[in-house]
Amino acid sequence: MSLLKIQDVVTAYGKIEALKGVSLEVAPGSITCLLGPNGAGKTTLMMTVAGILKPRKGGISFAGEEIAGRAPHDIVARGVALVPENRLVFPAMTVLENLLAGAYQRGDKKAVAEDIDRMYARFPRLRERSAQHAGTLSGGEQQMLAVARALMSRPRLLLMDEPSLGLAPLVVEEIFRIIAELHRDGVSIFFVEQNAHMALKVAQHFFLIEQGRISFSGTPGALAEDEVIRRAYLGSAQQ
Amino acid sequence: MLADLIQNTLDGLSIGAAYALLALGFTLIFGVLRRANLSYGAAIMFGCYCATWTHLNFGAGLLLLAAITVAGTVLAGAYVERLCFAPHRGGSMIAAMVASFALWMQFEELVTLVMPTHLYAFPALYEGAPLAFGPYTLRVDALVMFGAAIAACALLWGTLYRTRFGLAVRAVTEQPAAASLAGINLPWVYVRVFALASAIGGVAGYLVVASHGQITPMLGMWSTLKGLLAMMLGGLGSLPGAVVGGLALGLLEAHSQWFLGPQLRDLIAYLLLFVLLAARVPWMHTRSAS
Ligand SMILES: Nc1ncnc2c1ncn2[C@@H]1O[C@H](COP(=O)(O)OP(=O)(O)OP(=O)(O)O)[C@@H](O)[C@H]1O
Ligand SMILES: [Mg+2]
């Protein structure tokens, strides 16, 4: 059974349909990547799964339960967390407060404190900056914070919307290393990426979305073999 | 001359403390909902009239009257939230503002229907002589007003910076989408912020009415204007700014009244606001964007 199952989802901004009937599945324990050009509907899809946007039609089930149309906090409680595009940390709150906000629904204070320690072990820069306002962090540090904040809710499925956007190459490598680590720790990951080269190194399954429709679904091997996709997303340098 | 200056400063600070509370309530709602609640003052007036009515019909102690004022204001605030703000969440700014203006009229009509006389006496906070320090006098009720305002600020600070609810309020204020992605229930926060802001407004209203010893339906308009003015002077959307703006407004009024007479007192504040807006001083635009 799939962990996340999206069926014929239509999401619109006013009259404009950004998703025109999207269906896809994410297997438990997998790393799945969503590729697509600018304006294809990637962010819209992530926001719809997370409950920020309500689908006009279609169904979304997570671990067998219908979540389409539910409130975002309810979806977080069920085990889905989204690291949003552009990170959206709370700039005037400290790093520690950002992490506490991520654990907002959890009552188990002791376990939360342990998880914060775990985050600090995984992201040592965050420990150093614990009392600093999040707005003073570098872009890479803010991305680490956004990931850590999402993990504080102990998600079973982590959604990430362009986690490498605007970051230096070294930081991008760091992000992908973390994605692989999280996966090893048992978190399923569904992420949006424009950097197909990096995504090929970690993802086990790919979807391509174009103009609000899924136009490709397959393994990294199939992706690399597809002539059209290779030209558009991997450049000719691969050949 | 110097004695007058000091006396005016004391008077200005004490009324400024009430303005600061009014501005804090406004700012909380504005910060979280990004909308101005025009019926804020009317809700306060409603709360104060609840207390006046209780006093007239049953008589009641000061503390009980204060509690009734706060409870009445919170009730009215909840009504406003349900009717004006909950239905327009994420929707039109104008719709919520116009709706809240309509409720202002509703509160005024209701109050004048039940209590048709224009002016009612309200039990004073303190009726003895003012405290004298050499040439200066300090009205005890002004002192109470100042103390209560400081206590309310401290309580608000504690709530915002030391509690789980406060963490949620700050998160929603800074980044609503990220707050809901973090698992914070936004409607839940909105309702409670409204109640909290109304309670603060109720405290301010009670202090003002009790120190004047009387109440008229104009209290609604008065509270909204003073609160808005102080909030804008302090830089839209900043809580410390609201306190500073309130105190500054009180001082400005007290001093300009002495220099220019009571007729020009209100004009000066509007003039200052106009000048600050026209000059686009940086602190008045910091939080209004994004
Ligand atoms: N708030 C909005 N109001 C109206 N239209 C929107 C809004 N947000 C996105 N759109 C439109 O919906 C479509 C999909 O946008 P979306 O942000 O999901 O694309 P994306 O794949 O995430 O793009 P990018 O790679 O630039 O992040 C685009 O055509 C965009 O113009
Ligand atoms: Mg996007």
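Note that the structure is predicted; figures quoted are calculated from it, not measured.

S.K.: Please clarify how the site of ligand 1 should be interpreted in this entry.
M.R.: Residues and elements named next belong to chain A. In the vicinity of ligand 1 lie 13 residues, with G39, K42, T43, T44 and E85 positioned nearest. One nitrogen or oxygen atom from the side chain of K42 is found 2.7 Å from an oxygen atom belonging to ligand 1. In the model, an oxygen atom of ligand 1 is placed 2.7 Å from a nitrogen or oxygen of the E85 side chain. For ligand 1, whose unbound accessible area comes to 630 Å², protein coverage reaches 59%.

S.K.: Could you clarify how one ought to interpret helix α10 (residues 239-260) of chain B in this entry?
M.R.: Every α-helix winds through 3.6 residues per turn, so residues three or four apart in the chain are directed the same way. Residues and elements named next belong to chain B. Relative to the 32 Å expected for 22 residues at 1.5 Å per residue, α10 spans 31 Å between its end C-alpha atoms, a close match to the ideal helical length. Against the buried residues of α10 lie α1 (2-33), α5 (140-162), α9 (218-233) and α11 (262-279). Where α10 begins, the capping side chain belongs to S238, and its oxygen is found 2.9 Å from the backbone nitrogen of G241. One or two positions beyond α10, positive phi appears at G261, with a value near 90°.

S.K.: Mind showing me how you'd approach unusual backbone geometry here?
M.R.: Excluding glycine, a negative phi dihedral is what most residues carry, and trans is how most peptide bonds are arranged. Phi is positive for D8(A), close to 50°, though the residue is something other than glycine. Along the chain, D8(A) turns up in strand β1 (residues 4-13).

S.K.: Looking at this model, I keep getting lost on the interface of chain B and chain A. Mind explaining?
M.R.: Where interface size is given, it is often the accessible area lost as the parts come together that is meant. Listed as interface residues are 18 residues of chain B and, on the opposing side, 21 residues of chain A. Together, L167(B), E174(B) and L181(B) form the three largest contributors to the area buried by chain B at its contact with chain A, with a combined 35%. Summed over the shared surface of chain B and chain A, the result is one salt bridge. As a salt-bridge pair, R170(B) and E97(A) come within 3.0 Å of each other at their nearest N and O atoms. Counting only elements with at least two residues in the side of chain B that touches chain A, the list comes to α6 (164-174) and α7 (176-181) of chain B. If you tally residues by element for the side of chain B that touches chain A, the top one is α6(B), at seven residues.

S.K.: How should I be thinking about the coordination of the magnesium ion (ligand 2) in this particular structure?
M.R.: When a metal holds four donors in a tetrahedron, each ideal angle between them is 109.5 degrees; when it holds six in an octahedron, the ideal angles are 90 or 180 degrees. Residues and elements named next belong to chain A. Only T43 (OG1) and E85 (OE) from the protein reach the magnesium ion (ligand 2) as donors, at distances of 1.9 to 2.5 Å. Of the two residues, T43 sits in helix α1 (residues 42-50) while E85 sits in the loop between β6 (80-83) and α3 (95-102), which places them 42 residues apart along the sequence. The class of E85 is partly exposed, set by a relative accessible area of 24%.

S.K.: Help me out: how do you make sense of the nonpolar core in this one?
M.R.: Soluble globular proteins tend to bury their nonpolar side chains together. One finds L21(B), L24(B), F107(B), V172(B), I184(B) and Y206(B) to be the most contacted residues of the largest nonpolar core, which totals 88 residues. In terms of residue count, α1(B) provides more of this core than any other element does, 15 residues in total.

S.K.: What should I look at first to understand the pairing of strand β4 (residues 57-62) of chain A in this one?
M.R.: The side chains of a regular strand alternate, residue by residue, between the two faces of the sheet. All names here are of chain A. Sheet topology note: the β1/β4 ladder contains five bridges and is antiparallel. For K5, the partnering residue across the bridge sits in β4 and is S61. Sheet topology note: the β4/strand β5 (residues 65-66) ladder contains two bridges and is antiparallel. Opposite S61, over in β5, you have E66 as the bridge partner.

S.K.: Would you explain the pattern of salt bridges in this entry?
M.R.: Where charged atoms from two side chains of opposite charge come close, those side chains can pair. Overall, the coordinates contain 19 salt bridges over all chains when judged by the stated rule. Here D185(A) ties to R122(A) by a salt bridge, and the two come within 2.6 Å at their closest N and O atoms. In this pair, D185(A) is assigned in the loop between α7 (169-184) and β8 (188-192) and R122(A) in helix α4 (residues 109-122), connecting sequence segments 63 residues apart. Look at D185(A) and you get exposed, because its relative accessible area is 53%. Using a relative accessible area of 22% as the deciding quantity, one classes R122(A) as partly exposed. E81(B) serves as the salt-bridge partner of R82(B), at 3.0 Å between the closest nitrogen and oxygen.

S.K.: In this structure, what is going on with the packing of aromatic side chains? I would like to understand it.
M.R.: Any aromatic ring pair is given by two values, namely how distant the centres are and how the planes are angled relative to each other. Within this structure, the stated rule accounts for 13 aromatic pairs over all chains. Ring geometry for F176(A) versus F191(A): centroids 6.0 Å apart, planes at 75°, classification edge-to-face. Residue F176(A) is located in helix α7, and its partner F191(A) is located in strand β8; the two are separated by 15 residues in the primary sequence. Given the relative accessible area of 0%, F191(A) is considered buried. Between W53(B) and F58(B), the aromatic rings sit 6.0 Å apart at their centres with planes inclined by 75°, giving edge-to-face as the arrangement. Taking relative accessible area as the criterion, F58(B) reaches 63% and is therefore assigned exposed. Taken together through their ring pairs, the aromatic side chains of F46(B), Y79(B) and F107(B) make up a single cluster. The ring of F90(A) has R149(A) lying over it, and the distance from NZ or CZ to the ring centre is 4.9 Å. Directly above the ring of Y104(A) sits R164(B), whose terminal nitrogen or CZ lies 4.1 Å from the centroid.

S.K.: Quick question: what am I supposed to make of a nonpolar patch on the surface here?
M.R.: Residue and element names in this part refer to chain B. A cluster of nonpolar side chains, M1, W258, F259, L260, L264 and L267, forms an exposed patch at the surface whose accessible area comes to about 610 Å². Ranked by the residues each element gives to the nonpolar patch, the list is headed by α10, at three residues. Its place among the elements puts L264 in helix α11. Classification of L264 by relative accessible area gives partly exposed; the value is 35%.

S.K.: How should I be thinking about the sheet that holds strand β9 (residues 205-210) of chain A in this particular structure?
M.R.: Pairing between sheet strands relies on hydrogen bonds along the backbone, with the strands arranged either parallel or antiparallel. All names here are of chain A. Across the sheet, which stays open at both edges, the six strands sit in the order β6-β7-β8-β3-β9-β10 with mixed pairing between neighbours. Strand pairing shows two members of the sheet lacking a second neighbour, β6 and β10 (213-218), which therefore form its edges. Strand-to-strand twist across the sheet, computed as the mean angle between neighbouring axes with direction ignored, equals 20°. By the bridge criterion, five bridges tie β9 to β10 in an arrangement that is antiparallel. Within β10, the residue paired with F206 across the bridge is G218. Packing of helix α6 (residues 139-151) onto the sheet brings it into contact with β6 and β7 (157-161), and relative to β6 it is tilted by some 170°.

S.K.: For this particular structure, what's the right way to read the pairing of β9(A)?
M.R.: Residue and element names in this part refer to chain A. Relative to β9, strand β3 (residues 31-35) runs parallel, the two being bridged by four bridges. Note that in β9 the partner of L35 across the bridge is L208. Counting the residues between successive antiparallel strands, the hairpin from β9 to β10 contains two residues, one of them, Q211, with a positive phi of roughly 45°.

Rules behind the numbers
Residues numbered from 1 in each chain as written. Chains lettered and ligands numbered in written order. Predicted model: local features only at pLDDT ≥ 70, side-chain atom pairs only at ≥ 80, totals over all residues. Heavy atoms only, no water. Near = heavy atom within 4 Å. Polar contact = N/O pair within 3.5 Å; in protein donor to acceptor, adjacent residues only side chain to side chain. Areas by Shrake-Rupley, 256 points an atom, 1.4 Å probe, with all protein chains shown as cover. Helix = DSSP H or I, 4+ residues; strand = E, 2+ residues; numbered from the N terminus. Expected span 1.5 Å × (residues − 1). Contact = heavy atoms within 4.5 Å. Buried area = accessible area lost by both parts, 1.4 Å probe. Salt bridge = Lys/Arg side-chain N within 4 Å of Asp/Glu carboxyl O. Donors = N, O, S within 2.8 Å, 3.2 Å for Na, K, Ca; no water. Buried < 20%, exposed > 50% of the residue type's maximum accessible area, 1.4 Å probe, protein only. Core = buried A, V, L, I, M, F, W, Y, C linked by side-chain atoms within 4.5 Å. Pairing = 2+ DSSP bridges. Phe/Tyr/Trp six-rings, centres within 6.5 Å; stacked < 30°, edge-to-face > 60°. Lys NZ or Arg CZ within 6 Å of the ring centre and 35° of its normal. Patch = residues over 30% accessible without salt bridge, like charges linked within 9 Å, V, L, I, M, F, W, Y side chains within 5 Å. Axes fitted to C-alpha atoms, helices over the stretch in contact; angles between N-to-C directions.

Note that every value here comes from positions in space, so none of it alone points to a role or purpose.
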